[in-house]
Amino acid sequence: MLGLRPACGHQEVAIEYNKSLKLIHPDQCFLDGAAEAFMKFQPAYTEWNAARARQGWSHPAAPFSAPVNSDSRHPNNRSSSHGEGRGGLGARPPLSSQSTRPGVPQQRTGAESAPSGSNSANVPQNDGTNSAPAHDNIFRHFISSLNPDDPSVPWINAGALDFLSRLERDGRLFELRAFTSPTATDLNDIQRSLFKDCVKKTLTMSGRLEHEKRACEALRRLARTLPLLLLTHSKMKIRAACNKFLKGEWESLWNKCMAKGHARQDKLAANPLSASSRTSAQKDAMAQKQARAGNLSKANQTVCSVLKPAFGHDTLHKLQEKTPVGSVVFDKQFWPTTDALDEMRRQDEWLNIQEHSFSIKKIGQYFRTCKPLSAQDADGWRGREHVGWLFADGDSTLQGLLRTHLILPHILGDFLADHLDEIAGGRMFALEKANNSLRPIVIGSLWRRCAARLGVAEVRSNVATFFMSQYTNFIQFGGESDGATRCAQVTQLLAAAWAQHSDENPLVVIQLDIVNAYPSADRQAQFDVLAGRASKSYDNGHVHMGDAIPCPDSLRHYWSYFESMQGTASTLHFSDYQGQAHKIACSKGGQQGDAFETVRFAVTTFPSFGRVFARHGACTGEAICDDVFIVAPLAEGLALAAELKQVLKQDLDLDLDVPKFNCFFPGDRINDDDHARALFQNALQANPQLACLSGMDAGISTTG
């Protein structure tokens, strides 16, 4: 069935099995019998794998194991229907897929049942039924090199590292992200001390394994998971959970969190959430809590916002529509090589950037100034409540470990390829607007956001200079701290020249709207701009393959960040109104809310805007990221907008939402909207190429 030769190795079997399993997965294949074939295929592989284990052979990589209704979508194989054939958008997994869920404790064998008083530093052999042989343990080299009195021995004897090795081997390191478990925010001194010890001890061991990549990254991942593992319990039990972790009882803690998560899912399945706005009393109580904590902006938002959580049966479908699928198979001919990146990092310029822009002092300042009671990330971290105090107690050793293992890897791209989809992903939820449309919110890793914010601070001056000097009639203010204010001021200044233009072709300000801008930009084009070379033709043939593309030099220091975060389809975790966890693949654009994504979107679109503006000398323009303004005589401004619509679609796969355009007639000579619309219609009729803009009639105004 797999088309393999009889003498093939187990890795070949695993690879072909994974490929075949994805092809018949009910989320990907809608042919009759797909689900039945899927259910039969998995046990056959499991039995084959178990037979190899009983003979003492090592296990292959974990097979593809997304639940039937996980809603994961391959970026190059999108289904035309998101709900058909899946038992409904909110359907629960079939019982057969829940019977072996990892949260159910199983009988311990071998290393898992080793007595805590054992004097052996090596993980004992097991019978191969529930865990891998010792030679399959990713920590085996580390364990074999230890002395009996090494501080890591208690964790080894408790089966902690063996359990973590199995999580890594089975692809389960990120499974706690499936549950929306709130983490405690008001830790007392004892809880803080114990939680700190757990973080410090985990990262210390990770540092000892930096030359064993999989083992090191597994421990880093465990450290990132600690809030979900330790701080999702009641206040009285957090102390006990931390003590269990320090004793090495990781499997017990993990299974308890899994069981709690599944129990909550079952509860919501029986009593689904419903979308409802907070009552006035609830808003008042929440706002007061936020204000007392110091987050005045969030308190104001709680009182004033009319948005409410989206818990409709079609919320998942709407979110998938707002997360378009693109290709992550790239033309890399102009990308920097690994040797070139290594050489760049050996240069004094980069060493100074890393030392000063990502210093412990600046990292601490970032976390201490995070807004209190902000939403937790996918791993349960909150900046002010969980990390700020770690950078305020004078423990420079721990602070150095946090910097080395949790923050700098984002800048250096220091991750396992197997983990990148989760590392680049995050937690997704949605707010419902008054018109029933959704506002998607993605919360990426707290450590990623810190690295990005510090990186943006380092490149801000260079990027601003680039935006101001590249084109004579177009300016981008994206990435500047006061960019929105400056953009508005420049627009008003340019519009003040309305008296210099005729009544027949008056000066106008046209505001463009890009549909779903941040998640929609083509990633190949984004990497081409960052690499500074075109891998294909752009701008209707004005730019040829191999031609230079302007980009701020400073961003090329962060190539590894962008390649890690956007070189793969990231995984966004969403829980629906029934508590069911879903994974949504993000393979276009980037995460809005990531400081670097704001800059990168502006830099990616800048050459396309600039080249078109350069061909329309009578027009001037300015932008703050995806908000773009054209100040020009009416006919010329419309001609520019029509060309931009075509170029942005061809080059970046971005769509301009014409009905949402606004066209403002400044001054007092044209003070009647009907007159303004008549001028607009005359301009359209005079130039047939402007027919694509006919839908912007509703946005015409003389009052702003």
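Residues numbered from 1 in each chain as written. Predicted model: local features only at pLDDT ≥ 70, side-chain atom pairs only at ≥ 80, totals over all residues. Heavy atoms only, no water.

**Q** Any details on the overall build of the protein chain? Residues and values, ideally.
**A** Regarding its fold elements, the protein chain presents 26 helices and eleven strands. In the protein chain, buried positions account for 52% of the 704 residues. Of all intrachain contacts in the protein chain linking residues separated by at least 6 positions in sequence, the fraction that spans at least 24 positions is 74%. For the protein chain, the exposed surface amounts to about 30,800 Å²; the carbon and sulfur share of it is 52%. (Helix = DSSP H or I, 4+ residues; strand = E, 2+ residues; numbered from the N terminus. Buried < 20%, exposed > 50% of the residue type's maximum accessible area, 1.4 Å probe, protein only. Contact = heavy atoms within 4.5 Å. Areas by Shrake-Rupley, 256 points an atom, 1.4 Å probe, with all protein chains shown as cover.)

**Q** Outline the sheet that holds strand S10 (residues 662-664), supporting the account with residue identities and numerical values.
**A** The pairing of strands in a sheet happens through backbone hydrogen bonds and is either parallel or antiparallel. Read from one edge of the open sheet, six strands run S4-S8-S9-S5-S10-S11, paired in mixed fashion. On the outer flanks of this sheet lie strand S4 (474-476) and strand S11 (700-701), each paired with one strand and no other. Note that S4 and strand S8 (residues 620-624) share three bridges and pair parallel. Bridging from a neighbouring strand, Gln476 pairs with Ala623 of S8. (Pairing = 2+ DSSP bridges.)

**Q** Outline the side chain of Gln399, listing residues and values.
**A** Relative to the elements of secondary structure, Gln399 occurs in helix H18 (residues 396-412). When its relative accessible area of 7% is taken as the criterion, Gln399 is described as buried. Beyond its immediate chain neighbours, meaning those up to four positions away, Gln399 contacts Ile360, Leu390, Phe391, Ala392, Asp393 and Gly394.

**Q** Describe in detail the packing of aromatic side chains, supporting the description with residues and values.
**A** Under the criterion given, the structure shown has 28 aromatic pairs. A centroid spacing of 5.8 Å and a plane angle of 80° characterise the contact between Trp350 and Tyr558, whose relative ring orientation is edge-to-face. Separated by 208 residues along the polypeptide, Trp350 in helix H15 (residues 348-357) and Tyr558 in the loop between helix H22 (523-531) and helix H23 (559-566) bring together distant segments of the chain. In this structure Trp350 comes out as buried when scored by relative accessible area, which is 2%. When its relative accessible area of 0% is taken as the criterion, Tyr558 is described as buried. One aromatic cluster is present, built from ring pairs that chain together Phe466, Phe467, Tyr471, Phe474, Phe606, Phe609 and Phe613. Against the face of Phe527 rests Arg600, its NZ or CZ located 4.6 Å from the ring centre. (Phe/Tyr/Trp six-rings, centres within 6.5 Å; stacked < 30°, edge-to-face > 60°. Lys NZ or Arg CZ within 6 Å of the ring centre and 35° of its normal.)

That is the geometry; function is a separate question.
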